[in-house]
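# Coordinate analysis (summary)
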Amino acid sequence: MRKHFGLAIALTLTTALAACGGSETTPTQQTAKTDVEKPILKLGFIKLTDMAPLAIAKEKGFFAEEGLTVTLEPQANWKVLLDGVIGGQLDGAHMLAGQPIAASIGLGVKGDLVAPISLDLNGNAITLSNKVYAMIEPTLPKGADGKPTHPISAASLKPVAAKLKAEGKPLKMGMVFPVSPHNYELRYWLAAGGLNPGFYLPGDVAGTTGADVQLSVTPPPQMPATLEAGTIDGYSVGEPWNQAAVTKKIGVPVITDHDIANFNPEKVFGLKKQFVEANPKTVKALVRAIIKAQMWLDADNGKNRAEAVAILSQPNYVGADAKVIAASMTGQFTFAPGDTRPAPDFNIFFGHYAGYPFYSDAIWYLTQMRRWGQIPEGKDDSWYLSTAKNVYRPDLYMAAAKSLVDEGKAPADAFPSDDSGIRKEQGKFIDGVTYDATKPNAYLASFAIGLKGAQKVTPAGVK
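Since the structure is predicted, the reported quantities are computational estimates derived from the model, not experimental observations.

### Focus on the pairing of strand E3 (residues 92-96)
- Burial analysis of E3 places five of its five residues in the buried class, which makes it a mostly covered element.
- When strand E1 (residues 40-45) meets E3, the two strands line up parallel, connected through two bridges. Bridge pairing in E3 places Gly44 opposite Ala93.
- Taken together, the four bridges between E3 and strand E10 (residues 267-272) define a ladder with antiparallel strand orientation. Bridging across to E10, Met95 finds its partner in Val268.

Next comes the structure, spelled out in structure tokens:
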């Protein structure tokens, strides 16, 4: 299991950038001769730092070692990416953890998808515009150094939301997709602070019924420009787009998802179920290559992160300045100029069983879909588990992992020994609520804000 790494990481960005030369490197390994069914693949991704396992698997030759020739193709937004996998234009993709789950139940586009591996844990933050931050900053508790005490509660936004609403211009915040971790983490944070982020009506993609704060969709790379234009007052997004707001001096990150829902799976690798059934050896090879990349990313107290940053900064991957990417990916996180704090768990790719696709993680996303009305009807506890099992496939993950262990390429204790697919009761949520995946309805009933039991959303509100 990966050690935590922090400010002690020796960043060698200049050397790493020179080594990369700003272009795609050629793997030193020869493509292995294997009997995979489909050796030439096209995989999609969005320009975010958490696509790193795919970039590293390609650049360090891990795909090639498994007999795979992979093209990585950036996508315009999450909908285009999802449509590409379902339609077969892409063989697989870097996906929001909630996307394959939502597709399986027909929430948005219907599609039978499988997630054989999780790509990472944590990695998101919530940023407020300078204007809104200036309104809450005087009210925030401060430490001895005069800097705000973290985590910052969304309760600090209540007077701001009330003031703007009275002026006829509600507080508006962006997130990347209706079934994204960013949406659910933002909603979780707001609700924990006593603000209603709104409910979804059947067939409604806005999700603003009864909202104290209005949320809307903005593609990740467009977040800073949309904030700067004043269209939104803040956003929930992955990196490097929170750090971009700091660099541009247009916004202030106020909390990371590590402090909202710790060790929340952020992205998964998604494939069509039909593809998985037709190409089992190819899928195993893909998962093996991604596990190797994840191990490399978290190896030896983060010694490879500087090289990873240099690779990701290339235009064919994330295409952001290396210093901006490094600001969150090397064991620290910058909240404002002069306010950089240790954040050893901000990006986890292998440690804490990051790659294992737990059923309990899928169930958590399903509870949030139900909490906010995307799942309009109440479901019994067994439905949550059976739905999770249709999509998240720890059996595929462990088959690949075991083969690596058997070959001496991975340590056995880096993978779960419990095959239940359920994490133990999880705490460390910002509101202090404990999540028990075996009792999803009891979990939903514990929230003051959100649907529970047989409640439904109507245009008039919750009934």
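### Details of the sheet that holds strand E6 (residues 172-175)
- Strands sit in the order E7-E6-E8-E5-E9 across an open sheet of five strands; the sheet is mixed. Edge positions in the sheet fall to strand E7 (214-217) and strand E9 (251-256), since each of these pairs with one other strand and no more. Ignoring strand direction, the axes of neighbouring strands in this sheet form an average angle of 25 degrees.
- Sheet topology note: the strand E5 (residues 124-129)/E9 ladder contains five bridges and is antiparallel. Across the sheet, Leu128 pairs through a bridge with Val252, a residue of E9.
- Strands in contact with helix H10 (residues 241-248) are E5, strand E8 (234-238) and E9; relative to E8, the strand with the most contacts, it is inclined by about 130 degrees.

### Focus: the pattern of salt bridges
- Considering all chains together, one arrives at 23 salt bridges under this definition.
- Between Lys38 and Asp91 there is a salt bridge whose closest N-O contact spans 2.6 Å. Of the two residues, Lys38 sits in the loop between helix H1 (13-20) and E1 while Asp91 sits in the loop between helix H4 (78-87) and E3, which places them 53 residues apart along the sequence.
- According to the relative accessible area criterion, Lys38 is partly exposed, its value standing at 31%.
- Taking relative accessible area as the criterion, Asp91 reaches 10% and is therefore assigned buried.
- Bridged by salt links that share partners, the residues Glu65, Glu66, Arg288, Lys292, Glu407 and Lys409 form one connected network.

### Brief notes about the packing of aromatic side chains
- Following the criterion strictly, the structure yields 17 aromatic pairs and no others.
- Ring geometry for Phe333 versus Phe346: centroids 5.0 Å apart, planes at 45 degrees, classification tilted. Placement of Phe333 in strand E11 (residues 332-336) and of Phe346 in the loop between strand E12 (339-342) and helix H15 (359-371) is noted, with a sequence separation of 13 residues between them.
- Judged by relative accessible area, which is 2%, Phe346 ranks as buried.
- Each ring, one from Tyr356 and one from Tyr397, has its centre 5.8 Å from the other, and the planes form 85 degrees; the classification is edge-to-face. With Tyr356 in the loop between E12 and H15 and Tyr397 in helix H17 (residues 394-406), the pair connects residues that are 41 residues apart, well separated along the chain.
- In this structure Tyr356 comes out as buried when scored by relative accessible area, which is 2%.
- One aromatic cluster is present, formed by Tyr184, Tyr188, Trp364, Tyr365, Phe429, Tyr435, Tyr443 and Phe447 through successive ring pairs.
- Here the guanidinium or amino end of Arg371 rests over the ring plane of Phe447, the centre of that ring lying 3.7 Å away.
- A cation over a ring is seen here: Lys379 above Trp383, with NZ or CZ 5.2 Å from the ring centre.

### Considerations on the packing of helix H8 (residues 181-192) against H15
- Interaxial distance between H8 and H15 falls to 11 Å at its minimum, and their mutual angle equals 65 degrees. The two elements H8 and H15 meet at a crossing, and its hand is left-handed. Only Trp364, Tyr365, Gln368, Met369 and Arg371 of H15 make contact with H8, whose side of the interface consists of Pro181, Tyr184, Tyr188 and Ala191.
- Here the contact of H8 with H15 is composed, by residue class, of seven nonpolar, one polar and one charged.

### Side note on the nonpolar core
- Core analysis: the largest hydrophobic core is formed by 84 residues, its most contacted members being Leu157, Trp189, Leu190, Met369 and Tyr392.
- Among the elements that line this core, the one with the most residues is H15, at seven residues.
- In this structure Leu190 touches Ala154, Leu157, Leu195, Pro197, Val213 and Leu215, once residues within four positions along its chain are discounted.
- Of all hydrophobic cores here, the second largest spans 56 residues; its members include Met51, Phe63, Ala285 and Ile311.

The rules behind these values
- Residues numbered from 1 in each chain as written.
- Predicted model: local features only at pLDDT ≥ 70, side-chain atom pairs only at ≥ 80, totals over all residues.
- Heavy atoms only, no water.
- Buried < 20%, exposed > 50% of the residue type's maximum accessible area, 1.4 Å probe, protein only.
- Helix = DSSP H or I, 4+ residues; strand = E, 2+ residues; numbered from the N terminus.
- Pairing = 2+ DSSP bridges.
- Axes fitted to C-alpha atoms, helices over the stretch in contact; angles between N-to-C directions.
- Contact = heavy atoms within 4.5 Å.
- Salt bridge = Lys/Arg side-chain N within 4 Å of Asp/Glu carboxyl O.
- Phe/Tyr/Trp six-rings, centres within 6.5 Å; stacked < 30°, edge-to-face > 60°.
- Lys NZ or Arg CZ within 6 Å of the ring centre and 35° of its normal.
- Left-handed = near helix turned anticlockwise from the far one by under 90°.
- Nonpolar A, V, L, I, M, F, W, Y, C, P; charged D, E, K, R; others polar.
- Core = buried A, V, L, I, M, F, W, Y, C linked by side-chain atoms within 4.5 Å.

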